[in-house]
Amino acid sequence: MKKYWLMKSEPDEVSVDDALAAPDATVPWTGVRNYQARNFMRDQMRMDDGVLFYHSSCAEPGIVGIGRVASTPYPDPTQFDKKSPYHDPASKPEQPRWMLVDVQVLRKIPNLTLTQMRARPELADMLVLKRGNRLSITPVEPKHWRAIVGNP
DNA sequence: GCCAACGTTGGC
DNA sequence: GCCAACGTTGGC
């Protein structure tokens, strides 16, 4: 059964336009250093799962694109890169700690801002809107996906 | 295993 | 820049 996900990216690092400009509009979801978020990518995501591309830590946080999971899980290369801010000296190549998937952007949508999301009753119980939520990757219920993306 | 201190996230 | 909320660390 296909699953759906909301994945946060800081547009200063990788915006939806950056992703669209990449080959095949596909980017590796690097830099996740939270176990719960990692586990979603490593254990639960499958090829072609739906992705809501979300901009965070910016002027207008919100959902700006629709995409899909475009790879199986593999080790995040930045954990072994000493020059990367995501370098993890405790992680060993023979037993990588951080796994990621590739995400392909399929299309942009007009920014569905956090404010607009909160204003829509049918989206009120989305995990990402829960008070204190800091997870950069959250599962999205099918009803919420349909309310945002429609039913193609 | 507890929990205080510390660090990070992310909206505002 | 502020700070609430939460995750991680490390001493005990």
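So, how was this worked out
Residues numbered from 1 in each chain as written. Chains lettered and ligands numbered in written order. Predicted model: local features only at pLDDT ≥ 70, side-chain atom pairs only at ≥ 80, totals over all residues. Heavy atoms only, no water. Helix = DSSP H or I, 4+ residues; strand = E, 2+ residues; numbered from the N terminus. Contact = heavy atoms within 4.5 Å. Near = heavy atom within 4 Å. Polar contact = N/O pair within 3.5 Å; in protein donor to acceptor, adjacent residues only side chain to side chain. Nonpolar A, V, L, I, M, F, W, Y, C, P; charged D, E, K, R; others polar. Salt bridge = Lys/Arg side-chain N within 4 Å of Asp/Glu carboxyl O. Buried < 20%, exposed > 50% of the residue type's maximum accessible area, 1.4 Å probe, protein only.

Just to check I follow, could you spell out the environment of Leu100 for this structure?
Considering the arrangement of structural elements, one finds Leu100 in strand β6 (residues 99-100). Sequence separation between Leu100 and Arg33 is 67 residues; the distance between their C-alpha atoms is 10 Å. Excluding residues within four positions of it along the chain, Leu100 makes contact with Pro28, Trp29, Thr30, Met41, Thr72, Pro73, Tyr74, Pro75, Asp76 and Pro77.

So what exactly am I meant to see when it comes to the protein's contact with DNA strand C here?
Around DNA strand C sit Tyr35, Arg131, Gly132 and Arg134, and those are all the residues in its vicinity. When the atoms of DNA strand C within 4 Å of the protein are sorted by group, sugar and phosphate make up 76%. With respect to DNA strand C, the side chain of Arg134 contributes an N or O atom lying 2.6 Å from a base oxygen. When the residues that make up the surface near DNA strand C are grouped by side-chain class, the tally is one nonpolar, one polar and two charged.

What should I look at first to understand the protein's contact with DNA strand B in this one?
Contacts to DNA strand B come from Lys8, Tyr54, Ser56, Ser57, Pro61, Leu114, Arg134, Leu135 and Ser136. Of everything in DNA strand B that lies within 4 Å of the protein, sugar and phosphate atoms constitute 72%. Here Lys8 contributes a side-chain N or O atom positioned 3.0 Å from a phosphate oxygen of DNA strand B. Between DNA strand B and Ser57 there is a distance of 3.0 Å, counted from a phosphate oxygen to a backbone nitrogen or oxygen. Each residue belonging to the surface near DNA strand B can be placed in one class, and the counts come to four nonpolar, three polar and two charged.

Looking at this model, I keep getting lost on unusual backbone geometry. Mind explaining?
In this structure, Asp24 takes a positive phi of about 60 degrees despite not being glycine. Looking at the secondary structure, you find Asp24 in the loop between α1 (16-21) and β2 (26-28). If you check the backbone angles, Ala25 has positive phi at about 55 degrees while not being a glycine. Tracing the backbone through its elements, the reader meets Ala25 in the loop between α1 and β2.

It is not clear to me how the pattern of salt bridges should be interpreted in this structure. Could you clarify?
When the charged atoms of two side chains lie near each other, side chains of opposite charge can form a pair. For the coordinates displayed, the defined rule picks out eight salt bridges. A salt bridge links Asp48 to Arg68; the nearest nitrogen and oxygen atoms lie 2.5 Å apart. Taken as a pair, Asp48 in the loop between α2 (35-44) and β3 (50-55) and Arg68 in strand β4 (residues 62-69) lie far apart in primary sequence, 20 residues in all. The partly exposed category is assigned to Asp48, whose relative accessible area is 38%. Between Glu141 and Lys143 there is a salt bridge, with the nearest N and O atoms lying 3.9 Å from each other. Ionic contacts of the salt-bridge type, sharing partners, join the residues Asp125, Glu141 and Lys143 into one network.

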